[in-house]
Amino acid sequence: MLFCEEEGDYSALVRVIGRIFSNADALIKSFRKDELGAAKLLDLTDEEKNETSERKVASLEAALPDETPNGLPDPCAMTVDIDAVRRVYDKLLSIDQVESALVNGLIYLTPNVELDLEYLDVYETNPDYLNIFIIVMENGNLHSPEYLEVALPQFCKAMSKLPLSALARLSKLWSTYSLPNIRRMMETFQQLITFTVVSNEYDAGNLVNDDETVVAATQCLKVVFYASILGGKVDVEHSEEDDEDEESDELTLHELLGEERLYKKGPRVDPLEKELGVRSIDSVRPLIPFEDFINESLNDVIEMDKDFTFFKVNAETKFSFQSCPFILNIITKNQGLYYDNRIRMYSERRLTALYSMVQGQQPNPYLKLKVRRDHIIDDALVRLEMISMENPSDLKKQLFVEFEGEQGVDEGGVSKEFFQLVLEEIFNPDIGMFTYDDATKLFWFNSSSLENEAQYTLIGIVLGLAIYNNCILDVHFPMVVYRKLMGKKGSFLDLSDSHPVLNQSLKGLLEYTGNVEKDMVLTFQISHTDLFGNPILYDLKEGGDQIPVTKDNREEFVDLYVEYILNKSVERQFKAFKKGFLMVTNESPLKYLFRPEEVELLICGSRKLDFEALEKTTDYDGGYTKDTVKDKWFSYISEDQKRLFLQFTTGTDRAPVGGLGKLKMIIAKNGSDTDRLPTSHTCFNALLLPEYSSKEKLRERLLKAITYAKGFGML
């Protein structure tokens, strides 16, 4: 290389680069960890190069990956001198003439690599075949236009042919890299996906699912996604054991109708996730935020109805982006969940019709609840408990609610009101099912509640039905509740959200530098109050009142304390709650597609409010127009007041998935000028607004209504 620099002629170097980077065997043997280091080859004389090459061949067997006790390659061991690779790339990429040699070499190399992997099983016989992908991915220019047209797409297709064990090994290896290097690889694959998507036009006849480049790049991005998880902070210990239903040998009606693929029980498990032994929910803090893996350009062109079919029915022959949920935003995932829910509803309706024909009974295609307003909990509890025991599949039907003595057809509004009334009563502090924290404004399970488990099962069913029927609820739980629903136990990391005061106390204990035993005077016996304020003593371990907390055992004390507060003390209540939730969602892809924070968004809606989007989608009735109403008041109230307005009109101060633009609100004229306050029908997102004589009067009346709305004005 020095010779080329002195002569100003890089043709010899270009030929060497072309020969090495276009040949799989040559690339595998390059940059080896040995005495001289492969990177120095470029600086040696011809005589030295020949001697070095001979030594390389002789020491090839000795340079194979380190082995684990079971004889398999250590996932993080590699025969590539990665520092040497980076030094060489730094030199090569500064020379314009070399870039084309690297591009052309990759174009020539990758089709042969793809064939080797697909038909010859080369990785099984030579694990060092993975070196090709390790070396190529260190090229910092892969995202540039020269590579995006042909070279990088071909490389991704070849990489997607690697066996599962190789992909897992690659992911574990990359997880040891620094953040800039992992981010560079993530951005390379994202750049290819975006470039390909914006360069093509997709429709129902030309699906993005059939684009080999986009599919291969997404599969490669999955390897980086799990590397980001493994390289970050992971908690694989605090996991709940799922209660799996025993499989029956009897054929179901779905199987008799040939629909069993649509209704597979239990959540899917990603093969790479299983191979690595880590799940996305185990990630406490990934190296790269989950949001950075979402590709918005791709989300814009996915036909979710087709993708859902591939996901549920043709998974063996067609690629579904739901198999790589990290790349999808919550709006796209929600569409997939919507299709899954609707198909289940239609299927249950169909099965009900078939059963009724056979048995000669009147068909009941919906989940019908008839309740009395003044006994709503009792009526709902009895009905849902009966359904869950006799025929749980009825919970998969579309919900229709009827209030006794009231006329009306449930087109979504009555169900929404039912949910609101049930939640309002169940979360009433006087009932004592949940405790309320004034500082966090969050509810937590009351460990000393006198209510039976059926009440908690009911609230679990209600949350499941809300997701299933696409209805957001005004529920305020800490994130640990959703993590527990998704299969994780509560841990110390969850305490800051659910019990912030206790979290600070325990954190102070862990960080205390003085004499813990003498200064703190703590034992492994703790105390908390019951429903009536009486103290309850609990030994965290046997004889806890005799075991002092010291500097040596304080971590154990904190772990046991947290385990008791978040898991053991509420085990009975939470188990019943989760049971109700799973009655509705157990066959849903919810657990596979969504992270806990996304499940919260599905149930409760988003805190991000775009009122401009709401204005654009709001309908006006009774003589009002957009210009009339907006000119009078909407521009003159604060953001906090807008939240109150949203709560007053819709029953919640959050936006549905997709934002306020997805909310259909109605502002209707409700008579002429009057001193009456505005009212609302929260079940229909409707504001009934009298035609006040002035802007000032309208603003004053409306602000009074939304500020003091609790208990009146909301119908």
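This structure is a prediction, so every number in the text was calculated from the model and none was measured.

Enquirer: I'd love a proper account of the overall build of the chain, names of residues and values included.
Expert: From N to C terminus, the chain includes 33 helices and 12 strands. Within the chain, the proportion of its 715 residues that are buried is 49%. Taking contacts inside the chain between residues at least 6 apart in sequence as the whole, the part at least 24 apart equals 73%.

Enquirer: Give me the packing of aromatic side chains: which residues, what numbers.
Expert: With the rule as written, the count across this model stands at 30 aromatic pairs. Pairing phenylalanine 434 with tyrosine 456 gives two aromatic rings, centres 5.8 Å apart and planes at 65 degrees, and the pair type is edge-to-face. Of the two residues, phenylalanine 434 sits in strand β5 (residues 434–437) while tyrosine 456 sits in helix α21 (residues 453–468), which places them 22 residues apart along the sequence. Comparing phenylalanine 434 with tyrosine 456, the two get one shared label, buried. Among the aromatic residues, those joined into a ring-pair cluster are Phe427, Phe434, Tyr436, Phe443, Trp444, Phe445, Tyr456, Phe477, Phe574 and Phe577. Between arginine 86 and the ring centre of tyrosine 177, over which it is positioned, the NZ or CZ distance is 4.9 Å. Above the plane of the ring of phenylalanine 403 lies arginine 373, whose end atom (NZ or CZ) is 4.2 Å from the centre.

Enquirer: I'd love a proper account of the packing of helix α12 (residues 179–198) against helix α13 (residues 212–231), names of residues and values included.
Expert: Interhelical geometry of α12 versus α13 gives an angle of 160 degrees and a closest axis separation of 9 Å. By the angle class used here, α12 and α13 are roughly antiparallel. Like other packed secondary-structure pairs, α12 and α13 cross with a definite hand, here left-handed. Contacts from Ile182, Met185, Met186, Phe189, Gln190, Leu192, Ile193, Thr196 and Val197 in α12 reach Thr213, Val214, Ala217, Thr218, Cys220, Leu221, Val224 and Ala227 in α13. Classifying every residue of the contact of α12 with α13 by side-chain character gives 13 nonpolar, four polar and no charged.

Enquirer: Outline the UniProt feature "active site" (unreviewed entry) in the chain, listing residues and values.
Expert: As annotated in UniProt, the feature "active site" (unreviewed entry) corresponds to Cys683 in the numbering used here. Position of cysteine 683 among the secondary structure elements: in the loop between β11 (679–681) and β12 (686–689). Classification of cysteine 683 as buried rests on a relative accessible area of 12%.

Enquirer: So what's going on with the pattern of salt bridges? Which residues, and what values?
Expert: In this structure the tally under the stated criterion is 28 salt bridges. Across the salt bridge formed by arginine 184 and glutamate 138, the nearest N and O atoms sit 3.3 Å from each other. A residue pair is termed long-range when its members are at least 10 positions apart, and arginine 184 in helix α12 and glutamate 138 in the loop between α8 (131–136) and α9 (145–148) qualify at 46 residues. Looking at arginine 184, the relative accessible area reads 17%, which means it is buried. Between glutamate 187 and arginine 183 there is a salt bridge, with its nearest N and O atoms 3.8 Å apart.

Enquirer: Can you explain the sheet that holds β11? Please cite residues and give values.
Expert: The strand order β9-β10-β12-β11 describes an open sheet built from four strands, whose pairing is mixed. A single partner strand is all that each edge strand has here, and the edge strands are β9 (619–621) and β11. Each adjacent strand pair in this sheet contributes to an overall mean axis angle of 20 degrees, direction not counted. One ladder, built from four bridges, connects strand β10 (residues 666–669) with β12; its direction is parallel. Among the inter-strand pairings, alanine 668 is bridged to a residue of β12, identified as leucine 688.

Enquirer: Break down the pairing of β10 for me, with residues and values.
Expert: Relative to β10, β9 runs parallel, the two sharing three bridges. Within the sheet, the bridge partner assigned to aspartate 619 lies in β10 and is isoleucine 666.

Enquirer: Can you explain a nonpolar patch on the surface? Please cite residues and give values.
Expert: There is a patch of nonpolar side chains on the surface, built from Leu115, Tyr119 and Leu120 and spanning about 360 Å² of accessible area. Mapped onto the elements of the fold, leucine 120 is located in helix α6 (residues 96–120).

Enquirer: Tell me about unusual backbone geometry, and please be specific about residues and values.
Expert: With a phi close to 50 degrees, valine 521 is a non-glycine residue in the positive phi region. Relative to the elements of secondary structure, valine 521 occurs in the loop between α25 (516–520) and β7 (525–529). With a phi close to 55 degrees, asparagine 685 is a non-glycine residue in the positive phi region. Inspection of the secondary structure assignment puts asparagine 685 in the loop between β11 and β12. Owing to a relative accessible area of 11%, asparagine 685 belongs among the buried residues under this scheme.

Enquirer: Residue-level account of the environment of phenylalanine 477, with values.
Expert: Structurally, phenylalanine 477 is set in the loop between α21 and α22 (479–485). In this structure, the C-alpha to C-alpha distance between phenylalanine 477 and serine 498, residues 21 residues apart in sequence, is 8.2 Å. Phenylalanine 477 has contacts with Phe427, Phe434, Leu442, Phe443, Leu463, Tyr482, Phe577 and Glu600, leaving out every residue within four places of it along the chain.

Enquirer: Quick rundown of the side chain of aspartate 270? Include the residues and the values.
Expert: If you trace the backbone, aspartate 270 turns up in the loop between α14 (253–256) and α15 (271–276). Reaching out from aspartate 270, the side chain makes a polar contact with the side chain of lysine 222 at a distance of 2.6 Å. Here aspartate 270 is in contact with Lys222, Tyr226, Ser323 and Tyr592, once residues within four sequence places are set aside.

Enquirer: Account for the side chain of histidine 499, with residues named and values stated.
Expert: By secondary structure assignment, the location of histidine 499 is in the loop between α23 (492–498) and α24 (500–511). Judged by relative accessible area, which is 19%, histidine 499 ranks as buried. Not counting residues within four places of it along the chain, the set of residues in contact with histidine 499 comprises Trp444, Ile565 and Leu566.

Enquirer: For helix α32 (residues 639–650), give the residues involved together with the corresponding values.
Expert: Compared with an ideal rise of 1.5 Å per residue, which puts 12 residues at 16 Å, α32 spans 16 Å between its outermost C-alpha atoms and is within 8% of the ideal. Within α32, the full set of buried residues consists of Lys642, Phe645, Leu646, Phe648, Thr649 and Thr650. In a view along the axis of α32, the buried residues occupy a sector of 165 degrees, so they form one face of it. In this structure, the buried residues of α32 make contact with α20 (413–426), α30 (611–617), β11, β12 and α33 (695–707).

Enquirer: Go over the environment of phenylalanine 594, please, and point to the residues and values.
Expert: Within the element layout of this structure, phenylalanine 594 appears in the loop between α28 (590–593) and α29 (596–604). The spacing of phenylalanine 594 and asparagine 334 is 260 residues in sequence and 9.1 Å in space, taken between C-alpha atoms.

Enquirer: Could you give an account of the packing of helix α2 (residues 11–21) against α6, with specific residues and numbers?
Expert: One way to put it is that α2 packs onto α6 with a least axis distance of 8 Å and a crossing angle of 20 degrees. Comparing the axis directions of α2 and α6 gives the class roughly parallel. The two elements α2 and α6 cross, and the hand of that crossing is right-handed. For the pair α2 and α6, contact is made by Leu13, Val14, Ile17, Gly18 and Phe21 and by Gln97, Val98, Ala101, Leu102, Gly105, Leu106 and Leu109, respectively.

Enquirer: Can you tell me about the nonpolar core, naming the residues and giving the values?
Expert: In this structure, Ile132, Phe133, Met159 and Trp174 are the most contacted members of the largest nonpolar core, which totals 87 residues. A per-element tally of this core places α13 first, with 12 residues. Two domains each provide a minimum of three residues to this core, namely domain 1 (1–33 + 77–162) and domain 2 (176–236 + 265–328). Setting aside residues up to four positions removed in sequence, phenylalanine 133 forms contacts with Val113, Leu117, Phe155, Ala158, Met159, Leu162 and Leu170. If you look at the next biggest cluster of nonpolar residues, it comprises 82 residues, including Leu463, Leu485, Val516 and Val558.

Enquirer: Please give an account of the pairing of strand β6 (residues 442–445) that cites residues and values.
Expert: Neither face of β6 is open: one carries Leu442 and Trp444, the other Phe443 and Phe445, and all of them are buried. Pairing of β5 with β6, which is carried by four bridges, proceeds in the antiparallel orientation. In the strand pairing of β6, phenylalanine 434 is matched with phenylalanine 445.

Procedures and definitions
- Residues numbered from 1 in each chain as written.
- Predicted model: local features only at pLDDT ≥ 70, side-chain atom pairs only at ≥ 80, totals over all residues.
- Heavy atoms only, no water.
- Helix = DSSP H or I, 4+ residues; strand = E, 2+ residues; numbered from the N terminus.
- Buried < 20%, exposed > 50% of the residue type's maximum accessible area, 1.4 Å probe, protein only.
- Contact = heavy atoms within 4.5 Å.
- Phe/Tyr/Trp six-rings, centres within 6.5 Å; stacked < 30°, edge-to-face > 60°.
- Lys NZ or Arg CZ within 6 Å of the ring centre and 35° of its normal.
- Axes fitted to C-alpha atoms, helices over the stretch in contact; angles between N-to-C directions.
- Parallel < 35°, antiparallel > 145°, perpendicular 65-115°, else oblique.
- Left-handed = near helix turned anticlockwise from the far one by under 90°.
- Nonpolar A, V, L, I, M, F, W, Y, C, P; charged D, E, K, R; others polar.
- UniProt positions renumbered as here; feature names shortened; annotations may be inferred.
- Salt bridge = Lys/Arg side-chain N within 4 Å of Asp/Glu carboxyl O.
- Pairing = 2+ DSSP bridges.
- Patch = residues over 30% accessible without salt bridge, like charges linked within 9 Å, V, L, I, M, F, W, Y side chains within 5 Å.
- Areas by Shrake-Rupley, 256 points an atom, 1.4 Å probe, with all protein chains shown as cover.
- Polar contact = N/O pair within 3.5 Å; in protein donor to acceptor, adjacent residues only side chain to side chain.
- Expected span 1.5 Å × (residues − 1).
- Arc of directions from axis to C-beta.
- Core = buried A, V, L, I, M, F, W, Y, C linked by side-chain atoms within 4.5 Å.
- Domains from an automatic or database assignment.

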